[in-house]
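# Summary of the model geometry
The residues making up each chain are set out below.
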Amino acid sequence: MAAPIARGAATSSLETGMVVKKAVSIVAPLALRIIAECPVTKARACDLKLPHCTVSTPVFMPVGTQGTMKGITVDQLDDLGCQICLGNTYHLGMRPGPELIEKANGLHGFMNWKRNLLTDSGGFQMVSLVELSEVTEEGVKFKSPYDGKEILLSPEQSIAIQNSLGSDIMMQLDDVVSSTVTGPRVEEATWRSIRWLDRCIAANKNPDRQNLFAIIQGGLNAELRKACLDEMTKRDVPGFAIGGLSGGEEKDDFWRMVTLSTDHLPREKPRYLMGVGYAVDLVVCVALGCDMFDCVFPTRTARFGSALVPWGSLTITKKQFAKDLQAIDPDCQCPTCRRHSRAYLHALFKSDTAAMHHITIHNISYQVCVSIMVNGFLLLLFAIDEIITLSSIFASSSL
Amino acid sequence: MKLELSMVVQGCRLGVLTGLGRAGQHSLEVPGCLLYTRCGTVPHLTQDTLHTLNNLPSVTQLTLNTLAEHQEVLEEFKEGVRKFAGLHDTVLYCSLHDPATSCPPGHITNKTVSVWGSGGRIELTVAKFMALQKAVQPDLYQSMADGETWQINTSRKRVRKSVDRTLAHLDECLLLHHKTQELSGVEVLGVVEGGDVLEERVRSARETAKRPVGGFCLDGLHTAAMETHLRTQLITAIIKELPEDKPRLLQGVGRPDEVLACVEAGVDLFESFFPFQVTERGCALTFPFNITTDPEAAGTGVQVPPTVVELDKHEAAIGQKNGTDNPQEDQTKMTPFEINLKDNRFVSICVCASWCMHVCLCPSHSILRCVCVCVCVCVCVCVCVCVCVCVCVCVCVCVCVPVSSVCACVSLWVCVTLCSPGTERTSVPWWRGVAATAAGTTRGRTYTTFW
């Protein structure tokens, strides 16, 4: 287990060495039940009850930007054990548009996905599509790459689209700046995000069915981030996301901001760390107190032939795998590893897209397995701790 | 491999091809098709997704152009493509070319043909061709052939050469086949060439039939090579020279109307690459076919095969617009059997709001005094959100059973909704409108219900 990391005031109960077993926070339509907490780190295993099903955290959420996980069907995604996945407001708002999706019974009906959905607000596209966007107090102006027309994505617009999509968790529209940017722009973005959070909360038509998460900004500036935390935690939202990170900054700065954020976020609400996907980062950030993760990396890298394995990654298209007859990961139980060898996938990559789909399935399975393992490990630690506590109580009472 | 025919009607054959596979445990209905794959995988589908479909063809088609570049791996692997690709228990047929991709012409010699893999052209001699078959380990395969007669204005001399070369390749293949232990029990299909020259077609068929092959492959007749009419003429001539007890596989033809025409001409098996081509253009297959038998012959006891396959008139109109005199241009154009999913008409969703009025009378003087049944028919009109007009015809049967002084009425409604022809939606499932309502009423009253 990792060495103990200095903790802030929010987790004072741990100084006594006792672990609080259950804490229930009911903010309908979301309920977080903390099942186990690590006695050494800030990690916790929880059950997150959402409108469509309960999700065990820590959880990795695969990203299906345009209402689909590229190359695989929802049945396959379901079979992999995915309980929540992502859709994107900007892309779906552009096409096919919220009116059509609303007619189709929301994004769930449109993509025929029966479990949970989380929609991003479109904020990140401000960074990723920065050439095509312009930020003002009113909102973000985008120039559509599809037909060149301009649209304004304001907090109200973003929430309206997300209401039409009907996702279980919606993200506020935040003013996103790349974590490598410094100077007054970062401060401007932070305060604007807080103002936009209030506008988003006011614009939410379905607070009884859809959860609106706030996104903590502040870049890599500790004071700014603390100020943002202080302000945003005053609002009664069902959950918080830690944003403005995972954009190419130094890891040393990254984890400092993560731990600062989790120190000041309420314990009984879920914490979503946006954009974190590498398995190593995921495990470290679980130890720092995060519950939910998303990243395009596993699915995107699969389409380039890169398969994720516990010891790193394999680029299946490389010559060295042409005659390698073992599975991607001999211990993996995903449909791809049960049936196909590296050599076959290497050969198939030259002929058909199905090779990418096989690797996508494997990568999603891998990420889901990592989070299940962490969850299981925490429960095990909790069980061990319980046994130790009970034994010591028994031992002292029998004296 | 054995072809058991149950019926032959004016050239059309119906039957089963049994004894397929190494253990002879598989069979394929005739007329039938093969499952099209690339490098052993159905395009875009994983095995799990594929097996959510029912009634997959029992014979899978492999194409040498996607496998030739992997010869070394397969030879080291030693266990054939079935195990290499993780395929299910299926019969493997190996063809030379991929029917969905065209080959650049001009690379065939007296001793070699070429296939194109991802890395470029691979030249095959008969020896290399047979080495590949030994590595792939199919259950049946076509012999190496020169089929480059599809270009416009192919000279007669060139066509004659293709027939001669193909026969020579066949003889060499058979020789090596019998020497190769890994291919014992594997069937070879002889390839009939001849371009669009009738005499050459007949000659090729006659000569190929003399060889000890398991069946016949009809090459050079694919959709881009010639028109339907010429194709069926040539096939009819070819069939006359071929034995009846061996299957005939036609390469390169996949359009439903052409397939049906060729079945009538006597073909047994087809390749199923057409769905793949339709998918690649973003279209979905939908083809309502009406097969009408000649009404005068019906009921007279005379067996008349379907004389004409009628397309829905609307689709036929599209077909005529798309059809050109030059078959080679047709390949990427939509056929009448598809709808283009990018079309905005399929984007909008029709939400039908309808109401229906129905009147039920429970006469207090009913004969039985315990049960009264009334049937009423009503017609209602609803307007859809996508601005098409739907007409609903509702039939309701209403059974009223008096319970003390109250008459309980249960009615069942079946509503058939038809949309106007202005939309592309030709029909809506009839059961969409089934609803059951129960209502109470005192005797003798009329009531209306809305739904």
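Thresholds applied
- Sequence order sets the numbering: in each chain, residues are counted from 1 along the sequence as written.
- For this description, chains carry letters from A and ligands carry numbers from 1, given in the order in which they are written.
- In keeping with the model being predicted, local features are shown solely for residues with a pLDDT of at least 70 and side-chain atom pairs are shown and tallied solely at 80 or more, while totals for entire chains, interfaces and linings include all residues.
- Based on all heavy atoms of the structure, the side-chain values leave hydrogens and waters out of the count.
- UniProt positions are given in the numbering used here, feature names are shortened, and annotations may be inferred rather than shown by experiment.
- Segments assigned H or I by DSSP are reported as helices when at least four residues long, segments assigned E as strands when at least two residues long, and all are numbered from the N terminus.
- Only protein chains enter the accessibility calculation, which uses a 1.4 Å probe. A residue is then buried if its area is under 20% of the maximum for its type, exposed if over 50%, and partly exposed in between.
- Axis definition: a line fit to C-alpha positions, over the contact stretch in the case of helices; interaxial angles, taken between N-to-C directions, run 0 to 180 degrees.
- Should an angle fall under 35 degrees it is called roughly parallel, over 145 degrees roughly antiparallel, and 65 to 115 degrees roughly perpendicular, with every other angle called oblique.
- Throughout, a contact is declared for two residues whenever any of their heavy atoms are within 4.5 Å.
- Classes in brief: Ala, Val, Leu, Ile, Met, Phe, Trp, Tyr, Cys and Pro nonpolar; Asp, Glu, Lys and Arg charged; the others, Gly included, polar.
- Simply put, the buried area is the total loss of 1.4 Å probe accessible area from both parts when two parts are fitted together.
- One speaks of a salt bridge when a side-chain nitrogen belonging to Lys or Arg is within 4 Å of a carboxyl oxygen belonging to Asp or Glu.

The name given to chain B in an unreviewed UniProt entry is Queuine tRNA-ribosyltransferase accessory subunit 2, with Oncorhynchus kisutch as the source organism.

An unreviewed UniProt entry lists chain A under the name Queuine tRNA-ribosyltransferase catalytic subunit 1, from Oncorhynchus kisutch. Within the UniProt record for chain A, the comment given under Subunit (unreviewed entry) is "Heterodimer of a catalytic subunit QTRT1 and an accessory subunit QTRT2." Under the UniProt heading Sequence similarities (unreviewed entry), the entry covering chain A gives this text: "Belongs to the queuine tRNA-ribosyltransferase family."

## Focus on the UniProt feature "domain: tRNA-guanine(15) transglycosylase-like" (unreviewed entry) in chain B
Mapped onto the present numbering, the UniProt feature "domain: tRNA-guanine(15) transglycosylase-like" (unreviewed entry) falls on residues 13-286 of chain B. End C-alpha to end C-alpha, residues 13-286 of chain B measures 26 Å, and it is 36% helix and 22% strand.

## Let's talk about unusual backbone geometry
Among all residues save glycine, negative phi is the norm, and among peptide bonds the norm is trans. Cis geometry marks the peptide bond from Thr-57 of chain A to Pro-58 of chain A; its omega dihedral reads 5 degrees. Relative to the assigned elements, Pro-58 of chain A resides in the loop between β4 (54-57) and β5 (59-62). In this structure, Pro-96 of chain A follows Arg-95 of chain A across a cis peptide bond, with omega equal to 10 degrees. The backbone phi angle of Gln-10 of chain B is positive, close to 50 degrees, even though this residue is not glycine. Secondary-structure assignment places Gln-10 of chain B in the loop between β1 (2-9) and β2 (12-20). Judged by its relative accessible area of 67%, Gln-10 of chain B falls in the exposed class. With a phi angle near 70 degrees, Lys-78 of chain B is a residue other than glycine that sits in the positive phi range. Here Lys-78 of chain B lies in the loop between α3 (71-77) and α4 (80-84).

## Examining the packing of helix α6 (residues 156-179) of chain B against helix α7 (residues 198-210) of chain B
All names here are of chain B. For the pair α6 and α7, the least separation of the axes is 10 Å and the interaxial angle reads 5 degrees. Judged by the angle between their axes, α6 and α7 are roughly parallel. Where α6 approaches α7, its residues Arg-156, Val-159, Arg-160, Val-163, Asp-164, Leu-167 and Leu-170 are matched on the opposing element by Glu-199, Glu-200, Arg-203, Ser-204, Glu-207 and Thr-208. Class assignment for the residues of the contact of α6 with α7 results in 4 nonpolar, 2 polar and 7 charged.

## Side note on the UniProt feature "binding site: Zn(2+)" (unreviewed entry) in chain A
All names here are of chain A. Look at the UniProt record and you will see "binding site: Zn(2+)" (unreviewed entry) annotated at Cys-332, Cys-334, Cys-337 and His-362. For the annotated residues, spread through 31 residues, the largest C-alpha to C-alpha distance comes to 8.4 Å, consistent with a single compact locus. For Cys-332, the location among the structural elements is in the loop between β17 (312-315) and α12 (335-339). Since its relative accessible area comes to 12%, Cys-332 is described here as buried.

## Some words on the interface of chain A and chain B
Listed per partner, the contact involves 24 residues of chain A and 29 residues of chain B. Sorting the residues of chain A by area buried against chain B places Lys-323, Arg-339 and Tyr-344 of chain A first, and these three jointly supply 27% of that buried surface. Our count for the chain A to chain B interface comes out at 2 salt bridges. Among the salt bridges present, the one from Lys-323 of chain A reaches Glu-76 of chain B, with a minimum N-O distance of 2.8 Å. Broken down by secondary-structure element, the contributors of at least two residues to the side of chain A that touches chain B are α3 (98-103), α12, α13 (342-348) and α14 (354-397) of chain A.

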